[in-house]
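Chain residues, written in single-letter form:
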Amino acid sequence: MNDLSNASRRKFLKAGAVIGGGLVIAFTVPLVKRFSGGGEAAPTAPAAAPVANAFLRVGSDDSVTVLIAHSEMGQGIWTALPMLIAEELDADWSRVRVEHAPAAPVYAHTVFGMQMTGGSSSTWSEFERYRQAGATARALLVQAAAQQWGVAPADCRVENGVISSGSHSARFGELAEAANALPAPEKVALKDSKDWKLIGKATKRLDTPEKITGRAVFGMDVKFDGLLTAVVARPPVFGATVKSYDAAKAKALPGVRTVVQVPSGVAVVADHFWAAKQGRDALAVEWDLGPNAALDTAALKAEFQRLADTPGLAAAKAGDPAAALKQAARTLKADYHVPYLAHAPMEPLNATVKIGPDSCEIWAGTQFQTLDQMVAAQITGLKPEQVQIHTTFLGGGFGRRATPTSDFVSEAVHVAKAAGQPVKTVWTREDDVRGGYYRPAYLHRVQIGVDDKGMPSAWQHAVVGQSILVGTPMEPMMVKDGIDATSVEGVADSPYLKGIAAHRVDMHSPNTGIPVLWWRSVGHSHTAFVMEGLIDELALAAKQDPVAYRRALLKDHPRHLGALNLAAEKAGWGTPLPAGRARGIALHESFGSIVAQVAEVSVQDGQIRVHRVTCAVDCGIAVNPAGIVAQLESGVAFGLSAALHSRLDFQEGRVQQSNFHDYVVLRLGEMPQVDVHIVPSTEKPGGVGEPGTPPVAPAVANALAALTGKRLRELPLRLA
Amino acid sequence: MKLTVNGTAHEVDAPPDMPLLWVLRDLVGLTGTKFGCGMAQCGACTVHLDGTAMRSCVTPAAAAADKSVTTIEGLSADGSHPVQRAWAELDVVQCGYCQSGQIMSAAALLATNAKPTDADIDSALSGNLCRCGTYLRIRAAVHRAAELSKA
Ligand code: FES
Ligand code: FES
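Rules and cut-offs
- Residues numbered from 1 in each chain as written.
- Chains lettered and ligands numbered in written order.
- Predicted model: local features only at pLDDT ≥ 70, side-chain atom pairs only at ≥ 80, totals over all residues.
- Heavy atoms only, no water.
- Helix = DSSP H or I, 4+ residues; strand = E, 2+ residues; numbered from the N terminus.
- Rg over C-alpha atoms; globule rule 2.2 N^0.38 Å.
- Contact = heavy atoms within 4.5 Å.
- Areas by Shrake-Rupley, 256 points an atom, 1.4 Å probe, with all protein chains shown as cover.
- Lys, Arg positive; Asp, Glu negative; His and termini not counted.
- Charge placed at Lys NZ, Arg CZ, Asp CG, Glu CD.
- Buried < 20%, exposed > 50% of the residue type's maximum accessible area, 1.4 Å probe, protein only.
- Buried area = accessible area lost by both parts, 1.4 Å probe.
- Salt bridge = Lys/Arg side-chain N within 4 Å of Asp/Glu carboxyl O.
- Polar contact = N/O pair within 3.5 Å; in protein donor to acceptor, adjacent residues only side chain to side chain.
- Nonpolar A, V, L, I, M, F, W, Y, C, P; charged D, E, K, R; others polar.
- Domains from an automatic or database assignment.
- Core = buried A, V, L, I, M, F, W, Y, C linked by side-chain atoms within 4.5 Å.

A. Structural detail: the overall build of chain A. Summing up its helical and strand segments, chain A has 20 helices and 30 strands in all. Compactness check: chain A gives a C-alpha radius of gyration of 27 Å against a globular reference of 27 Å for 720 residues, within 12% of the reference. For chain A, the C-alpha atoms occupy an extent of roughly 80 × 75 × 50 Å along the three principal directions. Intrachain contacts of chain A at a sequence separation of at least 6 include 76% that bridge at least 24 residues. As displayed, chain A offers around 26300 Å² of accessible surface, 53% of which is attributable to carbon and sulfur atoms. For chain A, the distance from the average site of its 70 positive side-chain charges to the average site of its 70 negative ones is 2 Å.

What follows is the structure in structure tokens.
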């Protein structure tokens, strides 16, 4: 049987052997030169000094191994970060290998200060650091070559992993040892963008071979001798606690090893998943339901509506909107609703934990290594550096694997600790759908006044919905004066509002007892739907073309205009469509990028059909255009699931949905044609993992309004 | 019970109602076949049973006893099955978690329908969810695999 710990150990020993030969360059950036381990000593000290305290290694076999500080969850960072290094290194792309970095301070996010993946930030936040790493390695290799040949470094050329000067030529691997003995340069120059060969070139993914053969290791696939599997009975209502439980039936099942209580519930630990699951189902647990047993979606909605008419915290304000509303030629009043949503990544949550006397090893597809490490240290009484995290591939994240409470990792640590054995804790799909950490439901209640030309002159906007950050360790850093910016992003900072002299955004953050979390595109997942729906309503009320209307409002925002115009042009905006079809447009800025989308829809047998989505994206410098196209397609599909299908409801405290039969997501037959156009740009890179999601729901709703005359203000969209 | 997986005979100690998925993953040790829903809703667990695509999460191990099971690991020795080649050519995967199931469903379709239409593909693969939304490429790659199979 394939043994992961042995496999990584073998890899380790191989690296150790190379190090023993002194043929590896490894260093940290900023420019502190380091060996990647301690020569002979390294293989016997796996917990201390991670072997790869660096961003890349050049092997004596000419391989270039890139350690990525971010988690690959589909977004393609496994390819984009190596591109940055290979560009500056002039490496042979076919020799580039990739590994997830271990959890260590050196891999902290350059802006957010902890090791994490999120906010569509991996590429832009590493744009300098990874290029620097590549350039530094190149400078060392060139210097080694120059010294060997007695020529000036400036007279050396580097191409495809080969350095040459006159009649001399050597491969990276042949120079690695000599390069390793040199002091790292204080400063290296990065290439001028006109000399880029890789950056900007559509580049295929490096993780494809293992992902089409079943070889890729996700958290769910971790295995080693002695590893048990746990399935946990969690409360039926958020905040409920175990009153008592009877494990007799569960323990009598073949394969069940033990049953342990943990803070989140009762865990059945067994030889394999099936036994653990059967055991979990056989448990009789009595719960103390706690304060949320009456939770009900309809009641919550009514409460949100009540709150919307009370004064909230001002997230943005200018002028006197109440007075301006009175002077308006006409007014529009509208409520927009979005539901709670689960992320439902294809790989259900799981984490594997092995606790030793002085160590805790964790295998997990996680987006939050640093927090997981801290939380595991607390639970086990170890120091954070004694907690080793092996990041596996993530079978989707979408934010669910980035919990400030480290929920699924900390639970797995508790289970392994209580069981006294290595355990993989696995969630079922039902556990995942009912396990909380949802995109919060929101109500937006908006009053807009327009002048006699139909242009907005007053805007009063109440946003009601749970704060993601309040009550988390990130609150002190990210919540200012009670305002959780993630609740109002896309409204409070809207370019439309900036142009309106009298506006106010009020925020209400009710506490419902439902655990909530960022869900691909976070606040923008609802604010784009609201803002772009409203602008469309105003355009139609003013009898203006929706694209022309937006152009007028965004005249001082050239990048928005660029994306808007490109999408409209490529979609053939204004050109005739077959009968029964209509187009709608939406554009939204998020995570440093602007995406405009035109959706082409029809209604067939009462069902909404989306035929085509034309996207224009301005994400600054396009590092990997192929990855950008893929992420935009992905963002559209993810947004369409929410636009057309997904919702969670509560009755008597219980989540009503449980699996993909009732928590519905997009299927193949519903996927529209998606055309992606990238606005050429020399601006600094923006995000691409999330910005494709926000505009699609409003683009579809706007197209439906054009087609049917009916304005839909609630997600998922329902015609009747 | 006796099980033939990818041409190799295995003797496994499984209760007869244990789903084939967990026999493959936890007893045989082949983790390429994935768990996504456990109720025939997502297709991540798709394998071939005597050449027919099956959801292994709802197939009791006993039902596979005298049949030949093919998993993603056994589709080809080296990733060279036309479906895998098409998948690589079109850069289909993202997170990759659904892709074993997608590929197994596509391979089963092409085995009985050498030149599927879009509608054939949509219907044969409608049971395979992809939360990363790689659907467009999946559809294109099935067409491409059909071409590659001819060659
Ligand atoms: S796991 Fe079998 S269909 Fe989803
Ligand atoms: S590639 Fe991620 S679910 Fe399909």
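B. Just the environment of Gly127 of chain B, in detail. In this structure, Gly127 of chain B sits in the loop between α5 (118–124) and α6 (135–150). Take Gly127 of chain B: its relative accessible area is 17%, and that puts it in the buried class.

C. Inspection of the interface of chain A and chain B at higher detail. If you look at the interface, chain A gives 58 residues, while chain B gives 50 residues. Together chain A and chain B conceal approximately 4500 Å² of surface at their shared face, both sides included; 60% is due to carbon and sulfur atoms. Looking at the side of chain A facing chain B, the largest losses of area belong to Ile212, Met346 and Leu668 of chain A, adding up to 19% of the total buried there. Our enumeration of links across chain A and chain B arrives at three salt bridges. Where Asp221 of chain A meets Lys34 of chain B, a salt bridge forms, and the shortest distance between an N and an O atom there is 2.5 Å. For the interface between chain A and chain B, the tally reads 26 residue pairs in polar contact (both at pLDDT 80 or more). Sort the elements by how many residues they give to the side of chain A that touches chain B and helix α19 (residues 625–644) of chain A lands first, with nine residues. Residues that form the side of chain A that touches chain B fall into these classes: 29 nonpolar, 18 polar and 11 charged.

D. The arrangement of the domain arrangement of chain B in detail. Residue and element names in this part refer to chain B. Assigned domains of chain B: these are domain 1 (2–75) and domain 2 (82–150). Look at where the C-alpha atoms of domain 1 and domain 2 centre, and you get two points 20 Å apart. Each partner contributes residues to the interface: domain 1 has 17 residues there, and domain 2 has 12 residues. In total, domain 1 and domain 2 occlude about 1200 Å² of area from one another, counting both sides; carbon and sulfur atoms represent 60% of this. Where domain 1 meets domain 2, there are zero salt bridges. The interface formed by domain 1 and domain 2 includes six residue pairs in polar contact (both at pLDDT 80 or more). At the level of secondary structure, the elements contributing two or more residues to the side of domain 1 that touches domain 2 comprise β3 (46–49), β4 (52–55) and α2 (72–75). In terms of residues, the side of domain 1 that touches domain 2 owes the most to one element, β3, which gives three residues.

E. Inspection of the environment of Gln102 of chain B at higher detail. With respect to the helices and strands, Gln102 of chain B occurs in helix α4 (residues 99–112). Distance from Gln102 of chain B to Ser149 of chain B, taken between C-alpha atoms, is 17 Å for residues 47 residues apart in sequence.

F. Geometry of the nonpolar core. Core analysis: the largest hydrophobic core is formed by 244 residues, its most contacted members being Ile163, Tyr340, Trp459 and Val700 of chain A together with Trp87 of chain B. The element contributing the most residues to this core is helix α3 (residues 122–149) of chain A, with 11 residues. Membership of the second largest hydrophobic core comes to 30 residues, among which are Ala230, Cys360, Ala377 and Ile389 of chain A.

G. Examining unusual backbone geometry more closely. The omega torsion across Leu715 of chain A and Pro716 of chain A is -10°, close enough to zero to call that bond cis. With respect to the helices and strands, Pro716 of chain A occurs in the segment after α20 (696–708). Located in the positive-phi region is Tyr437 of chain A, a residue other than glycine, with phi close to 60°. For Tyr437 of chain A, the position within the fold is in the loop between α12 (429–434) and β20 (442–450). We note that Asn6 of chain B has phi near 50°; this positive angle belongs to a residue other than glycine. Position of Asn6 of chain B among the secondary structure elements: in the loop between β1 (2–5) and β2 (8–11). Assessed through its relative accessible area of 26%, Asn6 of chain B is described here as partly exposed.

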